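Structural features, examined
What follows is the residue order along each chain.
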Amino acid sequence: MSYGMVVLVKKDGSHFGRVRVKDLPNGRRGKHFDLLSKILEDLTNVPSGSAVKVPLQDTGGIGLANLRSAVNRATRANGLKVETQSDENYFYVWKT
């Protein structure tokens, strides 16, 4: 099927390049990695009954919904159960 674009096919019939699976980078280091690393580190060290308080102005423009989703994915991957809350200036996360 063509959508008016030129379709380039390599000599072996493939459309894209190839790489060996064992040469792929390990792990996922997404754009939120540094921020999430700091939040998780603080979260593991925060006393019970306290929340990590993240200034929204220091999130590098990450939207609140994306920040919540990223924290949710990271904490589940690390076996942590957390709750979150936010106001106009801060994002709060604590262990439950």
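These numbers come from a predicted model, not from an experiment.

1. Description of the overall build of the chain
Within the chain, the secondary structure is distributed over two helices and three strands. The order of helices and strands in the chain, counted from the N terminus, is α-β-α-β-β. Taking contacts inside the chain between residues at least 6 apart in sequence as the whole, the part at least 24 apart equals 52%. Carbon and sulfur atoms make up 51% of the accessible area of the chain, which totals about 7,800 Å².

2. Overview of the pattern of salt bridges
Under the defined criterion, the tally for this structure stands at one salt bridge. A salt bridge links arginine 20 to aspartate 23, with the nearest nitrogen and oxygen atoms 2.9 Å apart. Residue class for arginine 20 comes out exposed when judged on its relative accessible area of 52%. In this structure aspartate 23 comes out as partly exposed when scored by relative accessible area, which is 43%.

3. Observations regarding the packing of aromatic side chains
Enumeration over the complete set of coordinates arrives at one aromatic pair. On the basis of an interplanar angle of 40° and a centroid distance of 6.1 Å, the ring pair of tyrosine 90 and tyrosine 92 is categorised as tilted. For tyrosine 90, a relative accessible area of 27% puts it in the partly exposed group. Above the plane of the ring of tyrosine 90 lies lysine 53, whose end atom (NZ or CZ) is 4.3 Å from the centre.

4. Examining the nonpolar core
Leu36, Ile39, Val52, Leu67, Val71, Phe91 and Val93 are the most contacted members of the largest nonpolar core, which has 15 residues in total. Taken together, the elements giving at least two residues each to this core come down to helix H1 (33-45), strand S1 (52-55), helix H2 (64-77) and strand S3 (90-95). Examining the composition of this core, we find that five residues originate from one element, H1, more than from any other. The residues touching valine 93, leaving out its near neighbours within four places in the chain, are Ile39, Leu43, Ala51, Val52, Val71, Val82, Glu83 and Thr84.

5. A short note on the sheet that holds S3
Strand order across the open sheet formed by three strands is S1-S3-S2, with antiparallel pairing between neighbours. At either end of the open sheet lies a strand with only one pairing partner, and these are S1 and strand S2 (82-86). Each strand axis lies, on average, 20° off the axis of its neighbour in the sheet, ignoring direction. Of the pairings in the sheet, the one linking S1 to S3 comprises four bridges and is antiparallel in character. What sits directly across from lysine 53, in S3, is tyrosine 92.

6. Re the pairing of S2
Pairing geometry for S2 and S3, over five bridges, is antiparallel. Across the sheet, residue threonine 84 finds its bridge partner in S3, namely valine 93. Counting the residues in the hairpin turn of S2 and S3 gives three residues.

Basis of the calculations
- Residues numbered from 1 in each chain as written.
- Predicted model: local features only at pLDDT ≥ 70, side-chain atom pairs only at ≥ 80, totals over all residues.
- Heavy atoms only, no water.
- Helix = DSSP H or I, 4+ residues; strand = E, 2+ residues; numbered from the N terminus.
- Contact = heavy atoms within 4.5 Å.
- Areas by Shrake-Rupley, 256 points an atom, 1.4 Å probe, with all protein chains shown as cover.
- Salt bridge = Lys/Arg side-chain N within 4 Å of Asp/Glu carboxyl O.
- Buried < 20%, exposed > 50% of the residue type's maximum accessible area, 1.4 Å probe, protein only.
- Phe/Tyr/Trp six-rings, centres within 6.5 Å; stacked < 30°, edge-to-face > 60°.
- Lys NZ or Arg CZ within 6 Å of the ring centre and 35° of its normal.
- Core = buried A, V, L, I, M, F, W, Y, C linked by side-chain atoms within 4.5 Å.
- Pairing = 2+ DSSP bridges.
- Axes fitted to C-alpha atoms, helices over the stretch in contact; angles between N-to-C directions.

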